[in-house]
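# Structure at a glance
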Amino acid sequence: MSVLIKNGRIITASEDYVADIFIEGEKIKSIGKNLQVQGEKEIDATGKLVFPGGIDPHVHLDMPFMGTFSSDNYETGTRAALYGGTTMVIDFILQKQGHSLHEALSEWQGRSNNNCVGDYSFHMAVTDFNDNTCKEISQMINEEGITSFKTFMAYKGALMIDDRQMVGLMEEVKKHGGLINVHATNGDMIDYLIAKHRAEGKLSPLYHYLSQPEVTEAEASERFADMANYTGCPGYIVHLTCEGALNAVRNATRRNQKVFVETCIQYLIIDASLYEKEDGAKWVMSPPLREKKDQETLWAGINQGLVQVVATDHCPFKWQQKLMGKDDFSKIPNGHPAIENRMELLFSEGVNKGRITLNKYIEVACTNPAKIFGMFPRKGTIGIDSDADIVIFDPEEKHKISAKTHHMNVDYSAYEGWELTGKVKTVLLRGKVAIENNHCIVDKGYGKFIKRNKVDSKI
Ligand code: URP
Ligand code: ZN
Ligand code: ZN
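Residues numbered from 1 in each chain as written. Chains lettered and ligands numbered in written order. Predicted model: local features only at pLDDT ≥ 70, side-chain atom pairs only at ≥ 80, totals over all residues. Heavy atoms only, no water.

### Focus on the coordination of the zinc ion (ligand 2)
Condition: Each metal site is built from N, O and S donor atoms within 2.8 Å (3.2 Å for Na, K and Ca), and since water is not included, such sites may look incomplete. Any site counts as irregular unless it has four donors with all angles between 85 and 135 degrees, making it tetrahedral, or four or six donors with opposite ones more than 155 degrees apart and the rest between 65 and 115, making it square planar or octahedral. Helix and strand assignments follow DSSP, with helices taken as H or I runs no shorter than four residues and strands as E runs no shorter than two, numbered in order from the N terminus.
Around the zinc ion (ligand 2), the protein contributes the donor atoms H183 (ND1) and H239 (NE2), which lie 2.1 Å from the metal centre. Coordination at the zinc ion (ligand 2) is irregular: its four donor atoms span angles of 56 to 151° at the metal. Here the zinc ion (ligand 2) and the zinc ion (ligand 3) are spaced 3.8 Å apart. One end of the pair, H183, is in strand β12 (residues 179-183); the other, H239, is in the loop between β13 (235-237) and α8 (243-253), with 56 residues separating them in the sequence.

Following this line, the structure appears as structure tokens:
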């Protein structure tokens, strides 16, 4: 199958020009003005933006967590992602303490294999680093194409590892060319504050926020950066939310250390005042939403090159699941839905409001995730021989977000009623039209597991 996209305004992380794109099979074959070729399918993109498919490197689909499962499975989650212009996601495998990484990989493959509509990969969360796990690291990298390892400095007793394990893991991962991702918050301090609030009968969602003050994130981020510096292992802080944590990364740059930083769309545009609402549980996530001053710091951090990625940490739970914590904030499953909204929200709130440029938008939503996680230039850009993962986007179209029209398997939207300018119109995934006229025309099973290369720590 060949496709000719004509006369679109092509945006990459560094370019902005009008041209045609010719696609043959899964790949981009040529790019140029007035290409003299015929496509079996032709799309007129005049007046539209044409950019690489979004990559969301932080999602949790069908994940067992806090006594339930996140409500989007691999089919509904990757389909919703495509509707929102995200053609690839990276999900997290969670090792069970006392069990191997390979057991966890098989369990996750059992839920994801042949079920994805869009492309996907996994980070491996190491929750129990010991002599046996140590031997599995090189196998994950060299045989499975899983080159990034997630660690938790919180969720003690379930996911958290201590610093002894962290340093050992870093040494092993560095040896084999991988990267460590981290949920950087001080778990012990948070557990103390949760217990204290519960003992005082302070049980509403607001106390979720008050149990994870900025210092818990700043302290852990600094400790993580120090351990990464000591071991020389490339590090990536996921879902960074606040000024204090970003300052820890800024400090690390003074010794010429590079720590990659991901923030998520929610931390840029919504704030902790939502926890005072009756339905505040909708926004219970970890780390929690922060203050307006943190949003400003994060937008600035993107422009300063300190924040390289805007993801979602998509981890949806239906309202009935959120009600597991109606009498106790510590039992509310943590996470919120955004996989479908990220690209349009970031365009509308970021580019349209003059906070970031169009090139920066593509850099943080598409190109940097591909570079950091070993998929560039196959993914994350529009170039000859890249996968034809392409979004055709109307920058003028106005629309409203609503749970009534979204495609995520969750019965509310965290952004209900938000009015956006800029809409995903057509999406191609590896040369196939996946979204057109507001319909998804690829089936589950089309999404491919993407084996990733070793990490480029020099982007
Ligand atoms: O609230 C969140 N973030 N839920 C998913 C698990 C995690 O910590 O990323
Ligand atoms: Zn986390
Ligand atoms: Zn997460």
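From this point, things continue past the structure.
### Some points on the side chain of E344
Applied cut-off: Residue exposure (1.4 Å probe, protein chains only): buried if accessible area is under 20% of the type maximum, exposed if over 50%, otherwise partly exposed. Only four residue types enter the charge count: Lys and Arg as positive, Asp and Glu as negative, with His and the chain ends excluded. Think of a salt bridge as a Lys or Arg side-chain nitrogen and an Asp or Glu carboxyl oxygen that are within 4 Å of each other. In protein, a polar contact requires one atom able to donate a hydrogen and another able to accept it; more generally it is a pair of N or O atoms within 3.5 Å, and residues adjacent in sequence count only if both atoms are side-chain atoms. Between two residues, a contact is recorded if the distance between any of their heavy atoms is within 4.5 Å.
Topologically, E344 is positioned in helix α12 (residues 342-351). Summary of buried charges: E344 has no salt-bridge partner, and the nearest side chain of opposite charge, K423, is 4.1 Å away. Within the structure, the side chain of E344 is placed 2.9 Å from the backbone nitrogen of V424, a separation counted as a polar contact. Contact partners of E344, with chain neighbours within four places excluded, come to F393, H399, L420, G422, K423 and V424.

### Looking at the site of ligand 1
Convention followed: Distances are taken per atom, and a residue is near a molecule or strand as soon as one of its heavy atoms is within 4 Å of it. Note on areas: these come from Shrake-Rupley sampling with a 1.4 Å probe, and a residue is covered only by the protein chains present in the view. Each cavity reported here is a set of points on a 1 Å grid over the protein atoms alone in which a 1.4 Å probe fits but cannot get out, each pocket an open set with protein on both sides within 12 Å along at least five of seven lines, and each lining residue one with an atom within 4 Å of a point. In this description, a molecule resides in a pocket or cavity if more than half of its atoms sit within 2 Å of the grid points defining it.
The immediate surroundings of ligand 1 are formed by H58, H60, F65, Y155, H183, H239, M285, S286, D313, C315, N334 and G335. At 3.1 Å from an oxygen atom of ligand 1 is found a side-chain nitrogen or oxygen belonging to H183. At a separation of 3.1 Å, a nitrogen atom of ligand 1 approaches a polar backbone atom of N334. Burial of ligand 1 by the protein chains amounts to 99% of its free accessible area of 260 Å². The cavity where ligand 1 resides is the largest cavity.

### Some thoughts on the pairing of strand β11 (residues 148-152)
The condition that has to hold: Two strands are counted as paired when DSSP detects at least two bridges linking them. Orient the strands so they point away from the viewer, and a crossover whose first-strand-to-second-strand path over the helix runs clockwise is right-handed.
For β11, a buried count of five out of five residues is recorded, marking the element as mostly surrounded by other parts of the structure. Of the two faces of β11, the one lined by S148, K150 and F152 and the one lined by F149 and T151 are each fully buried. Where strand β10 (residues 119-125) lies against β11, two bridges are found, and the strand directions are parallel. Residue A125 lies in a different strand from β11, and its bridge partner there is K150. Between the parallel pair β10 and β11, the chain is carried across by helix α3 (residues 131-144), and the sense of this crossover is right-handed. The parallel pair β11 and β12, bridged by helix α4 (residues 163-175), forms a crossover whose chirality is right-handed.

### Digging into the pattern of salt bridges
Scanning the model with the defined rule gives 35 salt bridges in all. Between R9 and D16 there is a salt bridge; the shortest N-O distance is 2.7 Å. Between R355 and E349 there is a salt bridge, and its shortest N-O distance comes to 3.7 Å. According to the relative accessible area criterion, R355 is partly exposed, its value standing at 30%. If you follow the salt bridges from partner to partner, you end up with E26, K27, D119, R378, K379, D387, D389, R430 and K448 in one network.

### Things to note about unusual backbone geometry
For the bond from S286 to P287, the omega torsion is -10°, close enough to zero to count as cis. Along the chain, P287 falls in the loop between α9 (265-269) and α10 (292-303). With omega at 5°, the peptide bond leading from F376 into P377 counts as cis. In this structure, N114 takes a positive phi of about 65° despite not being glycine. Locating N114 in the fold gives a position in the loop between α2 (101-112) and β10. Using a relative accessible area of 63% as the deciding quantity, one classes N114 as exposed. Unlike most non-glycine residues, H239 shows phi in positive territory, near 30°.

### What about the layout of surface pockets?
Put simply, the rule reads: Grid points are joined across faces, edges and corners, and a volume is the space filled by probe spheres set on the points. Residue type decides the class: Asp, Glu, Lys and Arg count as charged, Ala, Val, Leu, Ile, Met, Phe, Trp, Tyr, Cys and Pro as nonpolar, and the leftover types, Gly among them, as polar.
Roughly 540 Å³ of internal volume is contained in the largest pocket. Considering the residues around the largest pocket, the lining is formed by 28 residues, among which F65, M66, Y155, A158 and L159 are closest to the centre. Secondary structure elements with two or more residues in the lining of the largest pocket: β7 (64-65), α2 and α5 (187-199). By residue number, the principal contributor to the lining of the largest pocket is α5, which donates five residues. For the lining of the largest pocket, the per-class residue count stands at twelve nonpolar, ten polar and six charged. When its volume is computed, the second largest pocket comes out at roughly 440 Å³. If you go around the second largest pocket, you meet 22 residues; those closest to its centre are E344, H407, K423, V424 and N438. Of all the elements in the fold, those that place two or more residues in the lining of the second largest pocket are β16 (390-400), β17 (419-429) and β18 (432-436). Among the elements that make up the lining of the second largest pocket, the one with the highest residue count is β17 (five residues).

### Things to note about empty space enclosed by the protein
Within this structure, the stated rule accounts for two cavities of 30 Å³ or more. Here the largest cavity defines a volume of roughly 120 Å³. Forming the walls of the largest cavity are 17 residues, and the residues nearest its centre are H60, M63, F65, Y155 and D313. Residue composition of the lining of the largest cavity, grouped by class: eight nonpolar, seven polar and two charged. Reported here for the second largest cavity is a volume of approximately 40 Å³. In terms of lining, the second largest cavity is formed by P52, G53, I55, T87, R378, K379, G380, T381, D387 and D389. A per-class count over the lining of the second largest cavity returns two nonpolar, four polar and four charged.

### Some words on the pairing of strand β3 (residues 27-32)
Looking at chain direction, strand β2 (residues 16-24) and β3 are connected through five bridges and run antiparallel. Pairing of I21 across the sheet is with I31, part of β3. Here β2 hands over to β3 after two residues, with G25 in that stretch at a positive phi of 60°.

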